[in-house]
Amino acid sequence: MEYFVHESSYVDEGCQIGKGTKIWHFSHIMSGCQIGEDCNIGQNVVISPNVVLGRNCKIQNNVSVYTGVRCEDDVFLGPSMVFTNVINPRSAVSRKSEYKETVIRRGASIGANATIVCGHSLGEYCLIGAGSVVTKDVPDFALMVGNPARRIGWVSRYGEKLKFDASGIAVCPATGEKYMLKDEVVSLLGTRNMDKG
């Protein structure tokens with residue numbers, strides 16, 4: 001086996017798990033999941049049927065990733081953050097045919113105890129503050145806080161807050177990468193290799 005599963009955890013049949021992935025204590029990976037290489041799945045995590053996780057996703061303790069959620073590469077899900085997959089749940093009404101898709105784009109991070117209401121897309125490298133409640137789509141590089149979450153700034157791929165000058169240019173203080181803000185859209189100017197900690 002090219003991945004690690006702690007003896008207290010369960011992986012159902014029909015899952016695809018990438019090389020180098022680690023699944024820690026008391027977690028359950030349900031049937032049909034696709035988990036990329038080098039992921040780290042913490043303690044007491046549930047990955048529901050047919051969830052897709054990209055490469056190098058980090059899922060902290062006490063997170064349930066429900067059917068309908070798709071995480072691209074390099075996504076971080078903080079401790080005890082919450083996904084939903086139905087807008088109007090009722091115990092007495094089966095709504096499995098109404099699951100809404102939630103997409104977490106490459107490099108996005110979701111802080112501890114945040115809630116992501118289903119049916120939305122979280123943009124590349126966005127940062128969702130701890131305890132925030134996301135009720136709408138989130139732009140690339142957006143820094144979101146509060147309930148409901150609102151954008152209070154922009155962050156770089158490295159997670160540093162960006163300060164744009166009068167011409168709409170910002171430089172990441174950690175990497176020197178340059179970003180442009182135009183019409184409330186942030187884009188990376190050129191590319192550099194980013195050291196990962």
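This text goes with the structure placed above it.
On a predicted model such as this, the values are computed, not experimentally measured, just so you know.

Trainee: Which residues make up the pairing of strand β25 (residues 185–189), and what are the values?
Mentor: Here 5 bridges tie strand β24 (residues 178–182) to β25, and the two strands are oriented antiparallel to one another. Pairing of K182 across the sheet is with V185, part of β25. Where β24 folds back onto β25 in an antiparallel hairpin, the turn is made up of 2 residues, including D183, whose phi is positive at roughly 55 degrees.

Trainee: Talk me through the sheet that holds strand β19 (residues 127–128); I want residue IDs and the actual numbers.
Mentor: With mixed pairing, the 9 strands of this open sheet are ordered in space as β1-β4-β7-β10-β13-β16-β19-β21-β22. A strand with exactly one partner marks an edge of an open sheet, and here the two such strands are β1 (4–5) and β22 (150–154). Pairing of β19 with strand β21 (residues 142–145), which is carried by 2 bridges, proceeds in the parallel orientation. Residue pairing across strands places I128 opposite M144, the latter belonging to β21.

Trainee: Lay out the side chain of S9 in plain terms, naming residues and giving numbers.
Mentor: Among the secondary structure elements, S9 is positioned in the loop between β1 and β2 (10–11). Residue S9 is classed as buried on the basis of its relative accessible area of 9%. Among the polar contacts listed, one links the side chain of S9 to the backbone nitrogen of F26, at a separation of 3.2 Å. Separated by 2.9 Å, the side chain of S9 and the backbone nitrogen of S27 make a polar contact. Setting aside chain neighbours within four positions, we find S9 in contact with I23, W24, H25, F26 and S27.

Trainee: Can you break down the packing of aromatic side chains residue by residue, with the values?
Mentor: For the structure on display, the rule yields 3 aromatic pairs. When the centroid spacing of 4.9 Å and the interplanar angle of 50 degrees are considered together, the rings of F4 and W24 count as tilted. Here F4 is found in strand β1, whereas its partner W24 is found in the loop between β4 (22–23) and β5 (28–29), with 20 residues between them in sequence. Accessibility expressed as a relative area gives 34% for F4, which makes it partly exposed. On the basis of an interplanar angle of 75 degrees and a centroid distance of 5.3 Å, the ring pair of F141 and Y179 is categorised as edge-to-face. You can see F141 sitting in the loop between β20 (133–134) and β21 and its partner Y179 sitting in strand β24, a full 38 residues away along the chain. Y179 carries the same exposure label as F141, and that label is buried. These aromatic residues form a ring-pair network of at least three members: Y125, F141 and Y179.

Trainee: Describe the nonpolar core, and please don't skip the residues or the numbers.
Mentor: Of all hydrophobic cores here, the largest spans 43 residues; its most connected members are L77 and I110. Those elements that provide at least two residues to this core are β12 (69–71) and β21. Residues within four places of I110 in sequence aside, it is in contact with F76, L77, G78, M81, F83, I104, I116, L122 and I128.

Trainee: Now, about the sheet that holds strand β15 (residues 102–104): what can you tell me, with residues and values included?
Mentor: Strand order in this open sheet of 6 strands is β3-β6-β9-β12-β15-β18, and the pairing throughout is parallel. Each having just a single partner strand, β3 (16–17) and β18 (121–122) make up the two edges of the open sheet. By the bridge criterion, 2 bridges tie β3 to strand β6 (residues 34–35) in an arrangement that is parallel. The residue bridging Q16 from the neighbouring strand is Q34, located in β6.

About the criteria used
- Along every chain, residues carry numbers that run from 1 in the direction the sequence is written.
- Local features are withheld for residues below a pLDDT of 70 in this predicted model, meaning they are given only at 70 or higher, and side-chain atom pairs are given and counted only at 80 or more; totals for whole chains, interfaces and linings count all residues.
- Think of the side-chain values as coming from all heavy atoms in the structure, minus any hydrogens and water.
- In short, DSSP must find at least two bridges between two strands for them to pair.
- Numbered from the N terminus, helices here are DSSP runs of H or I no shorter than four residues, and strands are runs of E no shorter than two.
- For the exposure calls, accessible area comes from a 1.4 Å probe over protein chains only, and a residue counts as buried if that area is under 20% of its type's maximum, exposed if over 50%, partly exposed in between.
- Within 3.5 Å is the distance limit for a polar contact, defined as a pair of N or O atoms, with the added protein rule that one can donate a hydrogen and the other accept it, and that residues adjacent in sequence qualify only through two side-chain atoms.
- Contacts are assigned to residue pairs with any non-hydrogen atoms lying within 4.5 Å of each other.
- Ring pairs shown here join Phe, Tyr and Trp side chains whose ring centres sit within 6.5 Å, with only the six-membered ring taken for Trp; geometry is labelled stacked below 30 degrees between planes, edge-to-face above 60, and tilted in between.
- What is meant by a nonpolar core is a set of buried Ala, Val, Leu, Ile, Met, Phe, Trp, Tyr and Cys residues, joined one to another through side-chain atoms within 4.5 Å.

Any link to function would need more than the numbers given here.
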